[in-house]
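# Remarks on the overall topology
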Amino acid sequence: MPAHRRPQLPGAHGLARALVLTAAATTALGVTVGGSAYGAPEAPADPSAHTADVKTRVELLYDEAERASEQANAALDQQKRLQAEASALQAQVARGQDELNRLGVDLATAAAAQYRDGGIDPAVRLMLESDPDGYLTRARALDQANTRQNDTLRHVLDRQRRLDQRRTEATGKLAELEDVRRSLADSKERIRQRLGDAQRLLGGLTAGERSRLVADDARDAARRAGRGADRIDLGDQPPSSDRAAAALAAAVSRIGSPYVYGSTGPGTFDCSGLMYWSWRQAGVSLPRTSQAQAYAGRRVSLSEARPGDLVIFYKDMHHVGMYAGGGVVVHAPYPGARVRYESVKAMPVSGVVRV
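Residues numbered from 1 in each chain as written. Predicted model: local features only at pLDDT ≥ 70, side-chain atom pairs only at ≥ 80, totals over all residues. Heavy atoms only, no water.

### Quick word on the packing of aromatic side chains
On inspection of all chains with the given rule, the structure shows 3 aromatic pairs. When the centroid spacing of 5.6 Å and the interplanar angle of 65 degrees are considered together, the rings of F269 and W277 count as edge-to-face. W277 carries the same exposure label as F269, and that label is buried. Above the ring of Y295, the side-chain terminus of R299 is found at 5.6 Å from the ring centroid. (Phe/Tyr/Trp six-rings, centres within 6.5 Å; stacked < 30°, edge-to-face > 60°. Buried < 20%, exposed > 50% of the residue type's maximum accessible area, 1.4 Å probe, protein only. Lys NZ or Arg CZ within 6 Å of the ring centre and 35° of its normal.)

Structure, rendered in structure tokens:
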């Protein structure tokens, strides 16, 4: 994680919670902890330096896992869309084939009748006919039937072209879907690796190092907020709309909920999942990922931010929170942490979006 982002590691009981939650997450993802480039080095002579190094590396792993998580969310969203499109195309192909089959039967019947009646010259048929007027009426009807048959034939050819096009589109969608599934699997594997590495680093700390980590965390929290979350001054600036007010109220109601990759609530969330769920409570359907949410509304400057606005962080827009007022956002930070208030300056702001 970049140096400018020093997220709060869990406090007095938070370290144990981080270890438990990280272990639970890696177990759920099927992680087998083993050797890694992020493996803990031999303890240096200065224990505090080792603790600081572990903390920095765990933060980096969490940051990389979050990037992979947003990529996985995007791939999952795309997979659902492609599955729906492929299914619709396959249904169109099936209906088109049924129609072609029916038209083929009609053409075959008409062709057989024409063959039976076409062996005698029409002039001879007229001379031999006992009811010439009736024959002429039937001839006119036959001519009309031939015209309809020709129209049907043209329709069959047109439907066949469309059917071939739909089959090609369906094949393309299925191939694209397979690519997305591979991308999703790759992203999930990166999450597994990063969480497994973080678990191993945290689990390798001694009791003394854990104590130092908790103390460092307390100092970081004091520098960041300077007061308890229950006494944060959010100011009196009104939300930009009634829906923004409802979305903010929903997000604030989830403070204390655990961070879980890929989760959209109501009990656990990742960063974009919290925004997605909160705005759903206000009757608005946001895109699923932070990168897509960055384009879900009108851009405003940070100085113009109002409660309920989305705040997008980092150049690659892999993290998002909701502006709560007073220079504070509410967001789901990273594994082992819970939904909380944090200064908007804790991370580099990429943009502010008014939904």
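### Topic: the sheet that holds strand β5 (residues 340-343)
By way of backbone hydrogen bonds, the strands of a sheet pair with one another, either parallel or antiparallel. Across the sheet, which stays open at both edges, the 6 strands sit in the order β1-β6-β2-β3-β4-β5 with antiparallel pairing between neighbours. One side of each edge strand has no neighbouring strand; the edge strands of this open sheet are β1 (298-300) and β5. For this sheet, the mean inter-axis angle between neighbouring strands, taken without regard to orientation, is 40 degrees. The pairing of strand β3 (residues 319-325) with strand β4 (residues 328-331) spans 3 bridges and is antiparallel. Paired with Y323 across the strands is V329, a residue of β4. Along the sheet, helix α6 (residues 242-253) makes contact with β3, β4 and β5, crossing β3 at roughly 110 degrees. (Pairing = 2+ DSSP bridges. Helix = DSSP H or I, 4+ residues; strand = E, 2+ residues; numbered from the N terminus. Axes fitted to C-alpha atoms, helices over the stretch in contact; angles between N-to-C directions. Contact = heavy atoms within 4.5 Å.)

### Details of the confidence of the model for the chain
Across the chain, the average pLDDT comes to 76, with 68% of residues at or above 70. Ignoring residues within four places in sequence, the model shows residues 1-45, a span with pLDDT below 50, making 99 contacts including any to other chains. (pLDDT = per-residue confidence, 0-100.)

### Notes on the nonpolar core
In terms of nonpolar packing, the biggest core is built from 51 residues, with Y62, W279, L310 and M322 touching the most fellow members. Among the elements that line this core, the one with the most residues is helix α2 (residues 47-117), at 9 residues. Residues in contact with W279, not counting those within four places in the same chain, are R243, A244, A247, V284, L286, G308, L310, M322 and V355. The next biggest cluster of nonpolar side chains, apart from the first, holds 10 residues, and it includes A305, Y314, M347 and V352. (Core = buried A, V, L, I, M, F, W, Y, C linked by side-chain atoms within 4.5 Å.)

### Here's the deal with unusual backbone geometry
Residues G265 and P266 are joined by a peptide bond in cis, for which omega reads 5 degrees. Tracing the backbone through its elements, the reader meets P266 in the loop between α6 and α7 (271-281). Phi at Y314 takes a positive value of approximately 75 degrees, unusual for a residue other than glycine. By secondary structure assignment, the location of Y314 is in the loop between β2 (310-313) and β3. Its identity is not glycine, yet M317 carries a phi of approximately 60 degrees, on the positive side. Mapping M317 onto the fold places it in the loop between β2 and β3. By relative accessible area, which is 12% here, M317 ends up buried.

### Description of α6
With 12 residues, α6 ought to run about 16 Å at 1.5 Å a step, and its terminal C-alpha atoms sit 17 Å apart, in line with that. Looking only at α6, the buried set comprises A244, A247, L248, A250 and A251. In an axial view of α6, the angular spread of the buried residues amounts to 160 degrees, which keeps them on one side of the axis. Against α7, β3 and β4 lie the buried residues of α6. (Expected span 1.5 Å × (residues − 1). Arc of directions from axis to C-beta.)

### Some words on the pairing of β2
In summary, the side chains of a regular strand alternate between the two faces of the sheet. Burial of the side chains of β2 extends over both faces: L310 and I312 are buried on one face and V311 and F313 on the other. The pairing of β2 with β3 spans 4 bridges and is classified as antiparallel. Bridging from a neighbouring strand, I312 pairs with V320 of β3. Where β2 folds back on β3, the antiparallel hairpin that results is connected by 5 residues, among which Y314 adopts a positive phi of roughly 75 degrees.

### Considering the environment of A246
Residue placement: A246 occurs in helix α6. Here the alpha-carbon distance between A246 and G283, two residues 37 residues apart in the chain, equals 9.0 Å.

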